[in-house]
Amino acid sequence: MTDLFSKFDPLIEMRANLLQTGVTDPFGLVMERVVSPTVAICNGRETILLGTYNYMGMTFDPDVIQAGKDALDQFGSGTTGSRVLNGTYAGHKAVEQALKDFYGMDHAMVFSTGYQANLGIISTIAGKGDYIVLDIDSHASIWDGCKLGDAEVVPFKHNDLEAMEKRLKRIPEGAGKLVILEGVYSMLGDIAPLKEMIAVAKANGAMVLVDEAHSMGFIGPNGRGVAEDQGVLDQVDFVIGTFSKSVGTVGGFCVSNHPKFEIMRLVCRPYVFTASLPPSVVATACTSIRKLMHAADKRAHLWENSKTLHKGLREAGFQLGTSEPQSAIISVIMPDLERGAGMWEALLHEGLYVNLARPPATPAGMTLLRCSLCAEHSAEQVQTIIGMFTRAGKKTGIIGGA
Amino acid sequence: MTDRSEIYDQVTAQITPFNKKGIDLSEATTFAGDLEWDSLTVMDFVAAIEDEFDIIISMNMQAEIETVGQLVDAVAKLRG
């Protein structure tokens, strides 16, 4: 008998080798208690959270929590059903209305996760004979959406306008075209030149889908994302987003002005063949989204945090993913996985949690320590974080000086 | 020189900068096995081939191309 697991042997060996060095497993951290959006207890010690995507710090907002409690009392713990059968409650319609208001768009469709939103929308709208042209650094959920559908999949070099245009022009006459871009690319925290790319996509007759998972709530005058910030949101056919970052709970969505959009509810399998979100989740999401419409002060503070951390880490001698801060993600480039895991552990001992990211999730085989800031991080906390990075960096030899 | 052998020469010229181990190339050389390319190298190489011949080799097509010879055939077909 062939062991179906033998294909994982190289990864099992790599993991064993890493743990053999005595380093704490970077993919096995447990938060024993969560104190606030920015602090948790890990291994019995108070730890600053700098890797949660909880950009706007809505997870402990009193109004959000109260909405969830009320919904639990009034609607129960779960829907036990698909959106198209018994799984649509008043709360699901309310959160879809909140999304339509937030984005100023005609249609909104809520999925059980952000992953499923990409999986569902992409695989359903791009079918056999259609072409998907996408950035090579796209998120796993976008690639999986491509794989689930029957369209021809054509990647182009990250953020390369010319490479995208060349491929669009080579697509056979008459074929349907979908261009997929992200507002913020989460590994390096860089943004896309959406204005230029969307103009080229439109000039070549393509529909455009933009994943704004890491920009919602924060980037753009109203927190609608990078497309809003660059003044091209009205050119985007489909915006994909998530509740598990700025919104502070779990779930995914697509908003669109396409006149026929509502048919998606009947033909999109990852929407139909799964249970809908629990009433408490949609209630917290709805309250959070409505509060995010009026969060300009928090957005300004988060930008300050991002700029301060970027400057502090750069001055300390770390190599960063972007030369200027472009989002709430600051990515610190590590020389290799082993030293990256060592630095990650040294930070944890300092009382700081960041994400360790490794291939294949990262571009160009890089190992990254990815920091995501929160609007609830105080200016003082950001200074503490810079101090922790500097000490840990010297201790592990990532930066010079002792 | 036939069209096919011209394409073969162009394809192998494109392989050279990615052929870090200096493997001898033939029709039967495999990208994953002989050249030991990872998925990132494959993507860069495919982009180079696409631009060289002004064609699209979608991921769906790539799944069926394992050897240099198969790639030459695919390019010949795509160029029409």
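Here the structure is a predicted model, which means the values were calculated and not measured.

## A closer look at the sheet that holds strand β14 (residues 352-353) of chain A
Residues and elements named next belong to chain A. The sheet built from four strands is open, its strands ordered β1-β2-β3-β14 with mixed pairing. Since the sheet does not close on itself, it has two edges, and those belong to β1 (31-36) and β14, each with one partner. Where β1 lies against strand β2 (residues 39-42), four bridges are found, and the strand directions are antiparallel. Looking across to β2, one finds that Val34 is bridged to Ala40.

## Here we look at the UniProt feature "domain: Aminotransferase class I/classII large" (unreviewed entry) in chain A
With numbering matched to this structure, UniProt assigns "domain: Aminotransferase class I/classII large" (unreviewed entry) to residues 47-386 of chain A. For residues 47-386 of chain A, helix accounts for 41% and strand for 18%, while the C-alpha atoms at its two ends are 14 Å apart.

## Focus: the domain arrangement of chain A
Residue and element names in this part refer to chain A. One can read the domain layout of chain A as domain 1 (18-56 + 295-396) and domain 2 (62-292). In this structure, domain 1 and domain 2 have C-alpha centres spaced 27 Å apart. Residue-level contacts link 21 residues of domain 1 with 20 residues of domain 2. Of all elements in the fold, only α12 (296-316), β13 (329-334) and β16 (367-372) reach the threshold of two or more residues within the side of domain 1 that touches domain 2. Considering every element that reaches the side of domain 1 that touches domain 2, the biggest residue donor is β13, with three residues. The residue makeup of the side of domain 1 that touches domain 2, split by class, is twelve nonpolar, seven polar and two charged.

## Examining the environment of Cys286 of chain A
Residue and element names in this part refer to chain A. Take Cys286: it is sitting in helix α11 (residues 279-292). What makes Cys286 buried here is the crowd of 26 C-beta atoms within 10 Å. Put simply, Cys286 and His92 are 194 residues apart on the chain and 8.7 Å apart in space, counted from C-alpha to C-alpha. Non-local contacts of Cys286, meaning those with residues more than four positions away in its chain, are made with Ala67, Gly91, Ala94, Val95 and Ala98.

## Some points on the interface of chain A and chain B
With 13 residues of chain A at the interface, the matching set in chain B holds ten residues. Those elements giving two or more residues to the side of chain A that touches chain B turn out to be β6 (152-156) and α6 (161-170) of chain A. The residue makeup of the side of chain A that touches chain B, split by class, is seven nonpolar, one polar and five charged.

## Notes on the sheet that holds β6 of chain A
All names here are of chain A. Strands sit in the order β4-β12-β11-β10-β7-β5-β6 across an open sheet of seven strands; the sheet is mixed. Edge positions in the sheet fall to β4 (107-111) and β6, since each of these pairs with one other strand and no more. Across this sheet, the average inter-strand angle for adjacent strands is 20°, counted without regard to direction. Strand direction decides the pairing type here: strand β10 (residues 207-211) and strand β11 (residues 238-242), joined by three bridges, are parallel. The residue of β11 that forms the bridge with Leu209 is Phe238.

## Thoughts on unusual backbone geometry
All names here are of chain B. The backbone phi angle of Glu36 is positive, close to 55°, even though this residue is not glycine. If you trace the backbone, Glu36 turns up in the loop between α1 (3-15) and α2 (39-53). A positive phi angle is found at Asp54, which is not glycine, with a value near 55°. Within the fold, Asp54 resides in the loop between α2 and α3 (59-62).

## Quick word on the nonpolar core
Residues Ile132, Val133 and Leu347 of chain A are the most contacted members of the largest nonpolar core, which totals 118 residues. Among the elements that make up this core, the one with the highest residue count is α11 of chain A (seven residues). Two domains each donate at least three residues to this core, and these are domain 1 (18-56 + 295-396) and domain 2 (62-292) of chain A. Not counting the four nearest positions on each side in its chain, Val133 of chain A is found in contact with Val154, Phe156, Met164, Arg167, Leu168, Lys177, Val179 and Ala206 of chain A. In this structure, Tyr8, Leu71, Val72 and Val75 of chain B belong to the second largest nonpolar core, which totals seven residues.

What counts and what doesn't
Note on numbering: residues in each chain are counted from 1, in written sequence order. Going through the entries in the order they are written, you letter the chains from A and number the ligands from 1. Selection of residues for local features in this predicted model requires a pLDDT of at least 70, selection of side-chain atom pairs for listing and counting requires 80 or more, and totals for whole chains, interfaces and linings are taken over all residues. Each pair of strands is called paired provided DSSP finds at least two bridges between the two strands. The way it works is that DSSP assigns letters per residue, a run of H or I at least four long becomes a helix, a run of E at least two long becomes a strand, and they are numbered from the N terminus. UniProt positions are given in the numbering used here, feature names are shortened, and annotations may be inferred rather than shown by experiment. Residue ranges assigned to each domain were obtained from an automatic or database domain assignment. We call two residues in contact when the distance between their C-beta atoms, placed using the backbone, is within 7 Å. Polar here means any residue outside two lists: the nonpolar Ala, Val, Leu, Ile, Met, Phe, Trp, Tyr, Cys and Pro, and the charged Asp, Glu, Lys and Arg; Gly therefore counts as polar. Any residue with 12 or fewer other C-beta atoms within 10 Å of its own C-beta is exposed, any with 20 or more is buried, and the rest are partly exposed; the C-beta atoms used are placed from the backbone. As a rule, the C-alpha atoms of each element are fitted with a line to give its axis, helices using only the stretch in contact, and angles between N-to-C directions run from 0 to 180 degrees. Residues enter a nonpolar core if they are buried, belong to Ala, Val, Leu, Ile, Met, Phe, Trp, Tyr or Cys, and are joined to the set through C-beta atoms within 7 Å.

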